[in-house]
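These are the residues of each chain, in order.
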Amino acid sequence: MVARVNTVAFAGVEVVKVDVQVQMASGLPAFAVVGLPDKAVAESRDRVRAALTAMGLSLPPKRIVVNLAPADLAKEGSHYDLPIALGLLVAMNVLPGDEILDYSVLGELALDGRVMPVSGVLAAALDASARGLNLICPQDQGGEAAWAKGIEVLAPPTLLSLINHFKGAQVLSAPEPALSTAEDYDLDLKDIKGQNSAKRALEVTAAGGHNLLMVGPPGAGKSMLAQRLPGILPPLDPSEALEISLIHSVAGTLEGGQLLRRRPFRDPHHSASLPALAGGGLKAKPGEISLAHLGVLFLDELPEFSRATLEALRQPLETGRVAIARANAHVTYPARVQLVAAMNPCRCGYFGDPSAACSRVPRCASDYQAKISGPLYDRMDLHLEVPAVKMQDLSLPPPSEGSEAVARRVAQARQVQQRRYAHLAEETRPRSNAEVDGKLLEEVATPDAEGQSLLLQAAERLRLTGRGYHRVLRVARTLADLEGSEGLRRPHIAEALSYRRLPPGREL
């Protein structure tokens, strides 16, 4: 007889069905796990044996073989402990095999029999719902799994409590869906004095979902501006919250099994490696650009990142996804982010200030800015020069308009965009103007005669690429939405063009 238990493996955010098969046969006592297990899976033998011993059970002196099918799929992670333990209990006639087959199972076992949290519970719950199965998961993540509709979720604290549930000696109550209790953003635009043009650019960035590059001397407020962008973005809708939480669940960063309710804001240090930023590593985990999906990825001190790391962002910024290809894995993660980058004009930071600039001007600035490639520079919708703050501005009282007022205008502009694209199929529907492309962009962002004439003149003078030309149209469309204008006029094109700069090293 072969006992079977359903579990899963993960390929990015995709879920692959895994069949745990347990056979106990006569022969010399042995315990083997086959089916391409990694080190964590192979070590499950000792954890499972210890957990059973803690309950007063011992494995029979037989030859035990645990096969994880399909055998040619690499198995990684500690979540195979619980399904292996249940398979052994079914083979020992402790649990009914037909009831266990109605569940998809995942969880790590402690040596004393406790069921420990693992990664990917939300993804496994959604997969179980799609396959008509129920789910068994750790108690701490029951609230995460409960968001999957139409399934029974068992979230036992220990292996013993799960056994008692199936034997009728104890009833495990169904967990309630859990939502993050994190407070709203407490950083307000009122904290920033002066920089009115930068605040305007930040509002445009939020309203259209655009990428933003800020260049300015140290202390100008670039980081403060970026940190306040999430506070003026529209709140997540339920589908977006589930989409973001799914990525964080697979990455193992979903705290307490609670779905996220705030847009991510990720600000990795400039020493971050390519796998850390784009994703990858030994287990092809999501990187910062995927963890910031539908949120903000802030790269401070942009030229200090390695060239290869920055160039890896070029394709995800266009496609909204990142494909990680390794010898043992090929996975794809969502990566639709707003990239906000900040940099000094030169290494010393004071290019353009005669009283503070170094003796290597202008070579210092040109060499420093040239670290940002033209293609990456071209992918930024808005190029903003942030001047130094005037001392007179710092002595003024806080501005009257804060994040709340700006967020209302941003929300109104986003609602206009949602109504405009509502007729499109869900899989191709843009969430914001920044995602509009092709024929749809021509339909919704055609300027009037004066605006078109200005755009063509500026495109020739600024030597805009095709990508840059379209990004100007997208920003202009957002400016019109903020104004409540149906058509694109010359002032919208003019302001959008004011946010374009030539790439470093190119002169007019």
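Higher on the page you've got the structure.
A short tour of the structure in this document, coming up. Small disclaimer: the values here were computed from a predicted structure and weren't measured.

Moving on, we get to the overall build of the protein chain. For the protein chain, the count of helices and strands is 22 helices and 18 strands. Across its three principal directions, the C-alpha atoms of the protein chain cover 85 × 50 × 45 Å. The buried share among the 508 residues of the protein chain stands at 50%. Excluding contacts between residues fewer than 6 apart, the proportion of contacts in the protein chain whose partners are at least 24 apart in sequence is 73%. Of the roughly 22700 Å² of accessible surface on the protein chain, 51% is carried by carbon and sulfur atoms. Counting 55 positive and 57 negative side-chain charges, the protein chain places the averaged centre of each group 4 Å from the other.

In the structure shown here, the tally under the stated rule is 28 salt bridges. A salt bridge links Arg408 to Glu404; its shortest N-O distance comes to 3.6 Å. Taken together, the positions of Arg408 and Glu404, both in helix H18 (residues 403-420) and four residues apart, correspond to about one turn of that helix. Linked by salt bridges that have partners in common, Glu318, Asp378, Arg379, Asp381, Arg467, Arg471 and Arg500 make up one network.

Let's shift gears to the pairing of strand S3 (residues 30-34). Only one face of S3 is covered, namely the face carrying Phe31 and Val33; the face carrying Ala30, Ala32 and Val34 is uncovered. Here five bridges tie S3 to strand S4 (residues 63-69), and the two strands are oriented parallel to one another. Within S4, the position partnered with Phe31 by the bridge is Ile64.

Once that is clear, we can look at the sheet that holds strand S17 (residues 338-343). Read from one edge of the open sheet, five strands run S11-S14-S17-S10-S18, paired in parallel fashion. The sheet is open, and its two edges are formed by strand S11 (265-266) and strand S18 (382-385), each paired on a single side. Here S11 runs beside strand S14 (residues 296-299); their pairing, made up of two bridges, is parallel. Among the inter-strand pairings, Phe265 is bridged to a residue of S14, identified as Val296.

Packed helix pairs are characterised by how far apart their axes lie and by the angle those axes make with each other. Orientation of helix H20 (residues 449-462) relative to helix H22 (residues 490-498), taken along the N-to-C sense of each, is 20°, at an axis distance of 8 Å. With respect to H22, the axis of H20 lies roughly parallel. The way H20 lies across H22 gives a crossing that is right-handed. Taking contact as the criterion, the partners of Glu450, Gly451, Leu454, Leu455, Ala458 and Leu462 in H20 are, on H22, Arg490, Ile493, Ala494 and Leu497. Classifying every residue of the contact of H20 with H22 by side-chain character gives seven nonpolar, one polar and two charged.

Between Ala69 and Pro70 the backbone carries a cis peptide bond, its omega angle lying at 5°. Topologically, Pro70 is positioned in the loop between S4 and helix H3 (81-91). The residue Leu36 is not glycine, and still its phi comes out positive at about 55°. The backbone of Arg463 shows a phi angle near 50°, a positive value even though the residue is not glycine. Assignment of secondary structure puts Arg463 in the loop between H20 and helix H21 (466-483).

Moving on, we come to the environment of Phe10. Within the secondary structure, Phe10 is located in strand S1 (residues 2-11). In contact with Phe10, other than residues within four places in its own chain, are Val15, His79, Leu106, Ser119, Gly120, Ala123 and Ala124.

The next thing to look at is helix H5 (residues 121-131). Of the residues making up H5, those classed as buried are Val121, Leu122, Ala123, Ala124, Ala125, Asp127 and Ala128. Buried residues along H5 sit against S1, strand S2 (14-25), strand S5 (103-105), strand S8 (134-136), helix H6 (142-145) and helix H10 (238-251). Of the residues flanking the end of H5, it is Gly132, one or two places downstream, whose phi is positive at about 75°.

Our next topic: the side chain of Gln195. Mapped onto the elements of the fold, Gln195 is located in the loop between helix H7 (159-167) and helix H8 (196-208). Residue Gln195 is classed as buried on the basis of its relative accessible area of 9%. Only 2.8 Å separates the side chain of Gln195 from the backbone oxygen of Ala220, close enough to count as a polar contact.

Cut-off values and rules
- Residues numbered from 1 in each chain as written.
- Predicted model: local features only at pLDDT ≥ 70, side-chain atom pairs only at ≥ 80, totals over all residues.
- Heavy atoms only, no water.
- Helix = DSSP H or I, 4+ residues; strand = E, 2+ residues; numbered from the N terminus.
- Buried < 20%, exposed > 50% of the residue type's maximum accessible area, 1.4 Å probe, protein only.
- Contact = heavy atoms within 4.5 Å.
- Areas by Shrake-Rupley, 256 points an atom, 1.4 Å probe, with all protein chains shown as cover.
- Lys, Arg positive; Asp, Glu negative; His and termini not counted.
- Charge placed at Lys NZ, Arg CZ, Asp CG, Glu CD.
- Salt bridge = Lys/Arg side-chain N within 4 Å of Asp/Glu carboxyl O.
- Pairing = 2+ DSSP bridges.
- Axes fitted to C-alpha atoms, helices over the stretch in contact; angles between N-to-C directions.
- Parallel < 35°, antiparallel > 145°, perpendicular 65-115°, else oblique.
- Left-handed = near helix turned anticlockwise from the far one by under 90°.
- Nonpolar A, V, L, I, M, F, W, Y, C, P; charged D, E, K, R; others polar.
- Polar contact = N/O pair within 3.5 Å; in protein donor to acceptor, adjacent residues only side chain to side chain.

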